[in-house]
Amino acid sequence: MSKKVLILNGSPREKGNTAALAIQLTAGATDSGAEVESIYLHDLDIRPCDACDFCQEDGNGCVISDDMQALYPKMRDSDVIVIASPVYWFNLTAQSKLCIDRWYAMESSEDFELAGKKLALLMVYGDTDLYTSGGIIVIYTLDSICRYVGMEFAGIVHGTAMDVGDAEKDPALMDQAFQLGQKLVAPVS
Ligand SMILES: Cc1cc2nc3c(=O)[nH]c(=O)nc-3n(C[C@H](O)[C@H](O)[C@H](O)COP(=O)(O)O)c2cc1C
């Protein structure tokens, strides 16, 4: 059965640098026989977790009636989840973080429903490197999430791209995203 990859694109620019990397990753993964769905979070109604803790009782889902309700089953059904986000103010975008906060409802007394899945990161920033841009904070955040929920942090592609079109001018960056798509769905040898 083909692997399923879900890309959560947290950029407000529908055709920006993050989207360019997501297209490359999609091409790499589909080239290797995977099914890929890309979600543009900015268009969705995703409200902040209100910490009601209803979801912390086993069997209860999240009570907030918004577009996360359609995303939960897609996440459960995926083998790989890709967070695709630009760096905003030295961190993930608010769109990405709103979605991730709501993963709280995927915990049960046994385990996190995401345990055993792969997580990958596509990230662009305007500054010159991981440290000046704040990208390192995003990596630290996602690494911590993976440890907490039991996911495998399976790959990162990041690079400098400020204006729309910049990522496409960097063939090495585009190629890295394509190759990550292939790697994420490659059979375990
Ligand atoms: C509100 C805002 C905050 C930003 N903060 C940072 C930052 O902290 N570090 C950085 O290197 N670039 C920052 N940038 C630049 C974006 O990361 C960069 O333009 C990126 O290419 C946007 O990706 P996109 O084209 O997919 O939207 C910021 C841009 C905006 C609009």
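Definitions and limits used
Residues numbered from 1 in each chain as written. Predicted model: local features only at pLDDT ≥ 70, side-chain atom pairs only at ≥ 80, totals over all residues. Heavy atoms only, no water. Helix = DSSP H or I, 4+ residues; strand = E, 2+ residues; numbered from the N terminus. Rg over C-alpha atoms; globule rule 2.2 N^0.38 Å. Buried < 20%, exposed > 50% of the residue type's maximum accessible area, 1.4 Å probe, protein only. Contact = heavy atoms within 4.5 Å. Near = heavy atom within 4 Å. Polar contact = N/O pair within 3.5 Å; in protein donor to acceptor, adjacent residues only side chain to side chain. Areas by Shrake-Rupley, 256 points an atom, 1.4 Å probe, with all protein chains shown as cover. Core = buried A, V, L, I, M, F, W, Y, C linked by side-chain atoms within 4.5 Å. Pairing = 2+ DSSP bridges. Right-handed = clockwise from strand over helix to strand, strands pointing away.

Draft legend 1. Examining the overall build of the chain more closely. A tally of helices and strands in the chain yields 6 helices and 5 strands. Listing every helix and strand of the chain by position from the N terminus yields β-α-β-α-β-α-β-α-α-β-α. Taking 189 residues into account, the globule formula puts the C-alpha radius of gyration at 16 Å, and the chain, at 16 Å, falls close to it. With respect to the principal axes defined by its C-alpha atoms, the chain has extents near 50 × 40 × 25 Å. Classification of the 189 residues of the chain by burial places 45% in the buried group. For the chain, the share of sequence-separated contacts (at least 6 apart) that also reach a separation of at least 24 residues comes to 77%.

Draft legend 2. Quick look at the site of the ligand. Residues in contact with the ligand amount to 17 residues; listed here are only the nearest, S11, R13, T18, A161 and M162. Take N17: an N or O atom from its main chain is 2.8 Å from an oxygen atom of the ligand. T18 places a side-chain nitrogen or oxygen 2.6 Å from an oxygen atom of the ligand. Burial of the ligand by the protein amounts to 80% of the accessible area it has alone, namely 640 Å².

Draft legend 3. A look at the nonpolar core. Membership of the largest hydrophobic core comes to 35 residues, with the highest contact counts inside it found for L8, I83 and W103. Of all the secondary-structure elements, those providing two or more residues to this core are strand 1 (4–9), helix 2 (68–76), strand 3 (80–86), helix 3 (94–101), strand 4 (118–125) and helix 5 (135–149). Sorting elements by how many residues they give to this core places helix 5 first, with 6 residues. Counting 24 residues, the second largest nonpolar core, distinct from the first, contains A34, V80, V82 and V124.

Draft legend 4. Local environment of the pairing of strand 3. Of all 7 residues that make up strand 3, 7 are buried, and the element is covered over most of its length. Of the two faces of strand 3, the one holding V80, V82, A84 and P86 and the one holding I81, I83 and S85 are both buried throughout. Relative to strand 4, strand 3 runs parallel, the two sharing 7 bridges. Looking across to strand 4, one finds that I81 is bridged to L119. Handedness of the strand 3-helix 3-strand 4 crossover: right-handed.

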